[in-house]
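# Architecture at a glance
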Amino acid sequence: MSTVKDRLPPLSQLGPFIALAVACTVFGLTTDNFFTAANFSLILQQVMVVGVIAIGQTLIVLTAGIDLSCGMLMALGSIVMTKVAQDFGLPTPLAILLGIGATTLFGLLNGLLVTRIKLPPFIVTLGTMNVAFAITQLYSSAQTVTEVPEGMTWLGNTFELAGNPVAYGVVLMVALYLATWFWLRDTASGRHVYAVGNNPEATRLIGIPTDRVLLGVYVLAGLFYGIASLLSVARTGVGDPNGGQTENLDAITAVVLGGTSLFGGRGVVLGTLAGAIVVGVLRNGLTLMGVSSVYQVLITGILVIVAVTVDQLSRKGGR
Amino acid sequence: MAAPQIVMQARGLVKRYGQVTALDGADFELRAGEILAVIGDNGAGKSSLIKALSGATIPDEGEILLDGRPVHFRNPMEARREGIECCYQDLAVAPAMTIAENLFLGRELRREGVLGNLLRMLDKKKMLEIAVERMADLKVGIRSMTQAVETLSGGQRQCVAVARAAAFARHVVILDEPTAALGVKEGNMVLELIRRVRDKGLPVILISHNMPHVFEIADRIHVARLGRRAAVLNPKRISMSDTVAVMTGAMKPEDIPADCLA
């Protein structure tokens, strides 16, 4: 007999929504401006960069990997696209493509090192994180790129929806989440991502080209980081060589909070969106409460540990 | 009496890994409608043999015939296309995925029309229907095909793995240690399932270390030794201890009584 308990998603998948509800209640009670449409619009704009990075991160974590280079690749992409537009006067679409191309290429590099040389993703991306950071600093001479063509910031503009401002970039983020959700849930190649994370050896023996699945995931993640680069330029209006530092950990936090297991093969990408919003709400709410940013870092850190603990315990208990 | 129909055959298979010769001219023969057990000590070459037959490895020399026709598998997918399904020890399933998803992993069905062609959307309903039907066919008593494999007991899980291979095989089912790590009752459940697979008309290659299970279920026993086939034995004539003696080399193949060979 199937009971209600069978039908409920596991705790790890409800986690982000519970955390979101708790955070909203606390901030709603303790601050005046939290529950306003304008504030929620702002939170979503603050979340869109981390949100899109976290899609790529989710894909990699689903294969039981981790990508420490995500934030640095995002910074690299935004420097490349703004700098080639500024220095060579390249047309905006081409400059954007070059920026996204740079992050995708790094994704390919990560993927090749993981699949061909069989290096652990943790070490590979720790390396490429530093390489990307250095290239970003060298290429930009550690200077912020301020001359940004208008076409590059368009996604930061807002339109009115029922009287509330919504950024185009937020719409893009939500669309990317829905597309990825569909892909992972309803197509064979999407299910193979789960299978690889679940039991790579069985998946290979069944005849699924697991290395191709993995490589595809890393390339796709690089593509998402590139789109996040564009969103970052759109949001800040500059190419920032020191960007991506908080995003790096925030993206991983969003994935883990969102209920995707670090052991691979379990998780839903929409949970990551909830996780990203939790991170955004926390940062926003704590700022409204006047809490210093060091405490925000502290709380995010504790949250990750709690989320990972829930993951580990539910995995043991679910046997 | 007509000669038995041979489904799969291998002649003189050689496989070397650096200095190590895993297969040293191994022969193999599988007849229609039988359960052929493959036994052998560690390093006797039984997994290399099975890997060659299932496309997981490419032999350096020798030939493999399927229904008398030479085949050259470069990967497991090509063997599967010929109707050969394999179920590997402990490695057969993705635990967090549902039973239906596991059955169709790597052979998913897409929807008809635009949803399937353009969006490549899966036909989950149809896959579920077929999963229910095939599992009922094999009399695997599991109530819901949409539950995750990890919610099942070890025996049920192994049944899913065996059924995964059996439900789609058209030619040969290869089972690698399907009863290892199972209790008595659960092991029997899997043996019952293997019998039903054979009774459906599919020949089964069963790799096992469990002698009582081999003697309970096998029609013939292929003994691998030192990279070759030492003998093919008839479990109804030879004793378990003599079989082990052949396997370890204590009994020379030429000393086996003729009526014990199969």
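Because the structure is predicted, anything quoted here is derived from the model rather than measured.

## Points about the overall build of chain B
Across its full length, chain B carries 9 helices and 10 strands. For a compact globule of 262 residues, the expected C-alpha radius of gyration is about 18 Å, and chain B comes in at 19 Å, within 12% of that figure. By principal-axis analysis of the C-alpha atoms, chain B measures approximately 65 × 40 × 40 Å. For chain B, with 262 residues in total, the buried portion stands at 44%. Taking contacts inside chain B between residues at least 6 apart in sequence as the whole, the part at least 24 apart equals 65%.

## Looking at the overall build of chain A
Along chain A, the regular secondary structure elements total 13 helices and 2 strands. On the principal axes, the C-alpha backbone points of chain A span a range of 65 × 55 × 35 Å. Counting every position in chain A, which comprises 319 residues, the buried fraction comes to 50%. Taking the contacts inside chain A whose residues are at least 6 apart along the sequence as the reference set, 78% of them involve residues at least 24 apart.

## A look at the packing of helix α8 (residues 188-198) of chain A against helix α10 (residues 210-236) of chain A
Two measures define how a pair of helices packs: the angle their axes make with one another and the distance between the axes. All names here are of chain A. Closest axis-to-axis distance for the α8/α10 pair is 10 Å, and the angle between their directions is 110°. Looking at the two axes, α8 sits roughly perpendicular to α10. Of the residues in α10, those touching α8 at His192, Val193 and Val196 are Thr210, Val213, Leu214 and Val217.

## Structural notes on the interface of chain A and chain B
When the parts of a complex come together, some accessible area is lost, and that lost area is often used as the size of the interface. The partner chain B presents 21 residues to the 19 residues of chain A that form the contact. When the residues that make up the side of chain A that touches chain B are grouped by side-chain class, the tally is 7 nonpolar, 7 polar and 5 charged.

## Section: the sheet that holds strand β1 (residues 6-17) of chain B
Residue and element names in this part refer to chain B. Read from one edge of the open sheet, 4 strands run β2-β1-β4-β5, paired in antiparallel fashion. Among the strands making up the open sheet, the edge pair consists of β2 (20-31) and β5 (69-71). In this sheet, neighbouring strand axes are inclined to one another by 25° on average, regardless of whether the strands run parallel or antiparallel. With 3 bridges connecting them, strand β4 (residues 61-66) and β5 associate as antiparallel partners. Residue pairing in the sheet places Leu66 in a bridge with Arg69 of β5.

## Side note on the domain arrangement of chain B
Residue and element names in this part refer to chain B. Split into domains, chain B comes out as domain 1 (6-86 + 153-260) and domain 2 (97-147). The C-alpha-based centres of domain 1 and domain 2 are spaced at 29 Å. Counting residues at the interface gives 10 residues for domain 1 and 10 residues for domain 2. Per-element accounting of the side of domain 1 that touches domain 2 gives the leading share, 6 residues, to helix α6 (residues 154-166). Tallied by class, residues from the side of domain 1 that touches domain 2 come to 7 nonpolar, 1 polar and 2 charged.

## Re the sheet that holds strand β8 (residues 204-207) of chain B
All names here are of chain B. The mixed open sheet is built from 6 strands, whose spatial order is β6-β7-β8-β3-β9-β10. Of all strands in the sheet, those with a lone pairing partner are β6 (84-87) and β10 (228-233), marking the two edges. Averaged over all adjacent pairs, the angle separating strand axes in this sheet is 20°, with direction ignored. For β6 and strand β7 (residues 172-176), the ladder comprises 4 bridges, and the chain directions are parallel. Residue pairing in the sheet places Glu85 in a bridge with Val173 of β7.

## A short note on the confidence of the model for chain B
Residue-level pLDDT values for chain B average 90, and 98% of them are 70 or greater. Across the interface, the model reports ipTM at 0.80; the global pTM reads 0.87.

## Some words on the pairing of β8(B)
Residues and elements named next belong to chain B. Residues Val204 and Leu206 of β8 are buried on one face, and the alternating residues Ile205 and Ile207, pointing to the opposite face, are buried as well. Pairing of strand β3 (residues 35-40) with β8, which is carried by 4 bridges, proceeds in the parallel orientation. The partner of Leu36 across the bridge, within β8, is Ile205. Here 4 bridges tie β7 to β8, and the two strands are oriented parallel to one another. Among the inter-strand pairings, Leu175 is bridged to a residue of β8, identified as Leu206. In terms of handedness, the path from β7 via helix α7 (residues 184-199) over to β8 forms a crossover that is right-handed.

Rules used in this analysis
- Residues numbered from 1 in each chain as written.
- Chains lettered and ligands numbered in written order.
- Predicted model: local features only at pLDDT ≥ 70, side-chain atom pairs only at ≥ 80, totals over all residues.
- Helix = DSSP H or I, 4+ residues; strand = E, 2+ residues; numbered from the N terminus.
- Rg over C-alpha atoms; globule rule 2.2 N^0.38 Å.
- Buried ≥ 20, exposed ≤ 12 C-beta atoms within 10 Å, placed from the backbone.
- Contact = placed C-beta atoms within 7 Å.
- Axes fitted to C-alpha atoms, helices over the stretch in contact; angles between N-to-C directions.
- Parallel < 35°, antiparallel > 145°, perpendicular 65-115°, else oblique.
- Nonpolar A, V, L, I, M, F, W, Y, C, P; charged D, E, K, R; others polar.
- Pairing = 2+ DSSP bridges.
- Domains from an automatic or database assignment.
- pLDDT = per-residue confidence, 0-100.
- Right-handed = clockwise from strand over helix to strand, strands pointing away.

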